[in-house]
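# Structure assessment
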Amino acid sequence: MNQPQNHADIYPLSEKAPELVRTTTGLPLKDFTLEAVLEGKVGAADLAITPEILRLQAGIARASGRDKLAENFERAAELVAVPQDLLLSTYELLRPGRASSPTVLRERAQALRKEFGAERIATLIEEAADVYDRRGLFSKRF
Amino acid sequence: MEENSTGKRRWHRFEEWDARPLRLDSFADENPEDGFAVFHSPYDPSPSLRLAPDGSVLEMDGRLAADFDILDAFIAHHHIDPAVAAEAMAMDSAQVARMLVDINVPRARLEHLARGMTPAKLTDVLGHLNALETTFAYSKMRQRHSPGNQAHVTNAKDDPLQLAADAAIAVALDFDEIETTMRVAGNAWANALACTVGAAAGRGSTLFQCSIEEAEELKIGLAGLATYAETVSVYGTERSFVDGDDTPWSKAFLTAAYASRGIKARCTSGASSELLMGFHEKRSVLYLEARCLCLQRAMGVQGTQNGGIDGAPLTASMPAGVHELLAENLLAVWLGLECASGNDTRISESEIRVGAKITPYLLAGSDLITSGFGSIKAYDNSFNPSLFNSEELEDYLVLQRDFQVDGGLVPIMEDDALQLRRQAVDALSDVLEELGLAQADQAMKESVVHASGSNETETFSPATTLAISSSIAARGLTALDIVRALAKRGHERLAENVLVMLRQRVSGDYLQTSAVIRDGKVVSAVNEPNDYTGPGTGYRMSPEKWNRIKSIRGTINREHVLKAEGRHEAPTGTPTLYGIGRAENGRDPHEVVIGISPAFGERLHQTTAGHAVTDVLDALYSGILSGGGLPRVVRIMHTADTSFLGLTAARLSGSGYGIGIQAKGTAIIHQRDRLPHLNLELFSNAPLVTIEHYRRMGQNAARMTWGEVPEPVIVTNDGQALSARFHTKVALLYAIETEMTVPGAEPVDQYFATPERNA
């Protein structure tokens, strides 16, 4: 998908640039209708947001002066393809005392980077590994 | 109790104060050692910031990078903008505080500066603002143009039918978000499905949250049964954070995880949570919250729910605590965050404190004025009672009308409400049946439609509700199944409303700051930012919105008053009263003239106490007779004022004593030589006056003609706000009287006879 020149002009996407919006299965927003649902042309996969849309929203956030929110959307875009179990186990691993050493976190970061191209998420996890080490958050809590 | 513990006799006033609800509240002494300090603690660090040439933070708020705790580290790395820091930190805090209330300094400029400020610096700035300035700055700095509000929709039985009905009502009241939670965690899926269906009734389309453990919440969101989450809690000290079983990185990851599933997320923080968690580090409440909020901006979450939340009652127990709650909301919006500004927890047993607590927010507006208005009864609120619950909902609606402000809600009419509840309950029971989840019979549905709260319902058993929920989860049902079931059972409109929300998920527009969905369209700080720059700018209610807010239940006007009076039009068999000719001065030394007002028994037939005017007249008449006087009734047309009615009557009277009376029942004894407003006896609170009072007034006037000084008739008032109850009606009634006056018209003698006397 081509990135539009001016993100400020395409928000809300659903009204100003609906042609840019497609579901995971490629269903365009205009075809996401009651008839389509009743005919079984819309499935559970179509309820998910896509990485492309999240990156568009990141651009919109940045254009409205919200760089941190944009970074969050960019991290989110990397997580769309991450299956629910892996998503939850990574969250769990980031909680205090779950990982026993920085290595465990760094390995998870590397795995996400490699398998999902989750560069930003990996960086976040690696940053956590450093700080947790210094603050003693690898000790067992229960 | 007559005596206190020391055996001393007390001033009874204190005993009365002891009995007021206020005294159930607890109040804490200020004590920074124990964490009880709101704006400043001697243990708060002084603002400081030192950067390396590469922009990394070497020292922040008196702490070296090597000693940073998890919050410092995250804030230093992700919040502090090195491009702004030098300028922002060098500014005088008082000057920044003035900029916050200066309409000539744009919001964007201040948000820019905040990115270069440390938590201690931000705290220092806010300490320069008083409560009014804080409120004003909040109004200028809040993110979305128009205010909004959030509802709690829960019940003590986790009853899906009632959830559907109450969700529909919340939407009709115009809440932008609905949040539910469960008494039994396993009921989450049933709650989510019921609220989704209910919220689609009527105009539909509102953001919805099912508050539960994160993994479950993500799954529910993924199934299209929730659109936002606000359970991303953060704390202001490291040990509280770790005891909360998280770190800034785990929460930043979770925030991204929510967005990756198309769910709008906001953090939860708020004053005194660290005190409740036991790790306050002797810092002030506001400083700890400043750390939380810098962290939230750093994590990239779009917004926060702060302003106390669970810690609100504790914060409100401290001196300036309620002011601090406002200040931390201001800090949230100053950092560019959406703010759901607390006002959820009931901070007091005193209704006065509750009303005062909400007022600054009504005046300033807020993205979500409450982060949970109990749209249901207090006992049904599974989050604990909110500041306002359904019991006080109409009070809130009237406050909006009083101040001409948009508090995010609009009144609903009784018939419409009932119809909506029925629609929601029918739709849900059809969906449950269609999906083979449960069967609701007619009696169950009827009991829920009419019930105010779950104590009154005859509905699903707890086992059935749990079975519904487990089944939804196990079968992997999604919002699409709901859409199909609704459509199949003829609820196309509701199906379409659910679909609107599903389409919104795909475009992700509501993930942006302060986004809500109104009439199927996204409204956020991106497409409708707060643009306040002084009078005439920023959010102003449209005439249509103001008309809706004005339309509270039970207003009265002239037509209503006249119609009510019409009911008391003299039926046959009641006393006769008509004019018989111009009134002359009387001669009998014991004559007492009763001067009736222009509308008395003409267009107005009952007093504000509800007596027929002829009964009142008869009481005065017979009272005069019993006191040895000679009554004469005269209609006075040139005035409707009680004093002048009385004085005119007195001057016509052979004794010089007269009574003036208005149709609304206000009566006076006057004497011919007195100044108009220096009467002898007055019944000013007509709503409290009984027939017997009037009889005794007549008797007293008669005794005065014999030179006696009778004991005045006292109408006791036990402190009711009579003006609030009656003045609207009084003003309308009196306007009818004054309209009938004819300047210069002569008084007219009246023939007055009760049926008994006629006989």
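Calculation rules
- Residues numbered from 1 in each chain as written.
- Chains lettered and ligands numbered in written order.
- Predicted model: local features only at pLDDT ≥ 70, side-chain atom pairs only at ≥ 80, totals over all residues.
- Heavy atoms only, no water.
- Contact = heavy atoms within 4.5 Å.
- Buried area = accessible area lost by both parts, 1.4 Å probe.
- Salt bridge = Lys/Arg side-chain N within 4 Å of Asp/Glu carboxyl O.
- Polar contact = N/O pair within 3.5 Å; in protein donor to acceptor, adjacent residues only side chain to side chain.
- Helix = DSSP H or I, 4+ residues; strand = E, 2+ residues; numbered from the N terminus.
- Nonpolar A, V, L, I, M, F, W, Y, C, P; charged D, E, K, R; others polar.
- UniProt positions renumbered as here; feature names shortened; annotations may be inferred.
- Pairing = 2+ DSSP bridges.
- Buried < 20%, exposed > 50% of the residue type's maximum accessible area, 1.4 Å probe, protein only.
- Patch = residues over 30% accessible without salt bridge, like charges linked within 9 Å, V, L, I, M, F, W, Y side chains within 5 Å.
- Areas by Shrake-Rupley, 256 points an atom, 1.4 Å probe, with all protein chains shown as cover.
- Core = buried A, V, L, I, M, F, W, Y, C linked by side-chain atoms within 4.5 Å.
- Domains from an automatic or database assignment.
- Axes fitted to C-alpha atoms, helices over the stretch in contact; angles between N-to-C directions.

Each side of the interface is counted separately: chain B has 72 residues, and chain A has 58 residues. Roughly 5500 Å² is buried in total at the junction of chain B and chain A, and carbon and sulfur atoms are behind 59% of that figure. It is B:Trp249, B:Phe253 and B:Val506 in chain B that bury the most area against chain A; as a group they hold 15% of the surface buried on that side. Between the two partners, chain B and chain A, sit six salt bridges. Its salt-bridge partner being A:Arg98, residue B:Asp245 comes within 2.5 Å of it at the nearest N-O pair. Counting the contacts that link chain B with chain A gives 31 residue pairs in polar contact (both at pLDDT 80 or more). Elements with a contribution of two residues or more to the side of chain B that touches chain A: helix H2 (70–79), helix H10 (214–222), helix H11 (238–243), helix H12 (248–260), helix H14 (285–299), helix H22 (479–488), helix H23 (492–507) and strand S13 (521–523) of chain B. With 11 residues, H12(B) is the largest single contributor of residues to the side of chain B that touches chain A. Within the side of chain B that touches chain A, the residues separate by chemical class into 32 nonpolar, 20 polar and 20 charged.

Moving on, we get to the UniProt feature "domain: Diol/glycerol dehydratase large subunit" (unreviewed entry) in chain B. The UniProt record annotates "domain: Diol/glycerol dehydratase large subunit" (unreviewed entry) at residues 10–559 of chain B. As a span, residues 10–559 of chain B carries 47% helix and 9% strand, and end to end its C-alpha atoms are 53 Å apart.

Before going further, it helps to examine the sheet that holds strand S3 (residues 63–64) of chain B. Residue and element names in this part refer to chain B. Spatial ordering of the open sheet is given by S1-S2-S3, a layout of three strands whose pairing is antiparallel. Each having just a single partner strand, strand S1 (49–51) and S3 make up the two edges of the open sheet. With three bridges connecting them, S1 and strand S2 (residues 57–60) associate as antiparallel partners. Within the sheet, the bridge partner assigned to Arg-50 lies in S2 and is Glu-59.

All names here are of chain B. Considering all chains together, one arrives at 60 salt bridges over all chains under this definition. Lys-251 is paired through a salt bridge with Asp-246; the nearest N and O atoms lie 3.0 Å apart. For the pair shown, Lys-251 and Asp-246 are each scored as buried. One salt bridge connects Arg-553 with Glu-394, and the closest N-O pair in it is separated by 2.7 Å. In this pair, Arg-553 sits in the loop between helix H24 (543–550) and helix H25 (558–566) while Glu-394 sits in helix H18 (residues 393–403), placing the two residues 159 residues apart along the sequence.

Residues and elements named next belong to chain B. Between S1 and S2, which follow one another and run antiparallel, lie five residues, and Gly-55 among them has a positive phi close to 95°. Alignment of S2 against S3, held across two bridges, turns out to be antiparallel. Bridge pairing in S3 places Glu-59 opposite Leu-64. Where S2 hands over to S3, the hairpin turn is made up of two residues, of which Asp-61 adopts a positive phi near 45°.

All right, on to a nonpolar patch on the surface then. A cluster of nonpolar residues, B:Trp11, B:Phe14 and B:Trp17, forms a patch on the protein surface that exposes about 360 Å² of accessible area. Its place among the elements puts B:Trp17 in helix H1 (residues 12–18).

This paragraph deals with the pairing of strand S18 (residues 667–671) of chain B. Residue and element names in this part refer to chain B. Of all the five residues making up S18, five are buried; the element is thus mostly covered by neighbouring parts of the structure. Alternating positions in S18 separate into two faces, Ala-667, Ile-669 and Gln-671 on one and Ile-668 and His-670 on the other, with burial throughout. Bridge count for strand S17 (residues 657–661) against S18 is five bridges, and the pairing is antiparallel. Residue pairing for S18: Ile-659 is matched across the bridge by Ile-669. Pairing between S18 and strand S19 (residues 681–683): three bridges, direction antiparallel. Its bridge partner being in S19, Ala-667 is matched across the sheet by Phe-683.

Attention now goes to the nonpolar core. Grouped together as the largest cluster of nonpolar side chains are 218 residues, with contacts concentrated most on B:Trp249 and B:Trp334. Per-domain counts for this core show at least three residues from each of domain 1 (1–80) and domain 2 (82–142) of chain A. B:Val616, B:Tyr694, B:Ala702 and B:Val713 belong to the second-largest nonpolar core, a separate cluster that totals 35 residues.

Paired through backbone hydrogen bonds, the strands of a sheet run either parallel or antiparallel to each other. All names here are of chain B. Reading across from one edge, S6-S5-S4-S11 is the order of the four strands in this open sheet, with parallel pairing throughout. Pairing within the sheet leaves two strands with one partner each, and these edge strands are strand S6 (207–210) and strand S11 (371–374). When the angles between neighbouring strand axes are averaged without regard to direction, this sheet yields 30°. Direction of pairing for strand S4 (residues 150–152) relative to strand S5 (residues 177–180): parallel, over a ladder of three bridges. From the neighbouring strand, His-152 faces S5, where its bridge partner is Glu-179.

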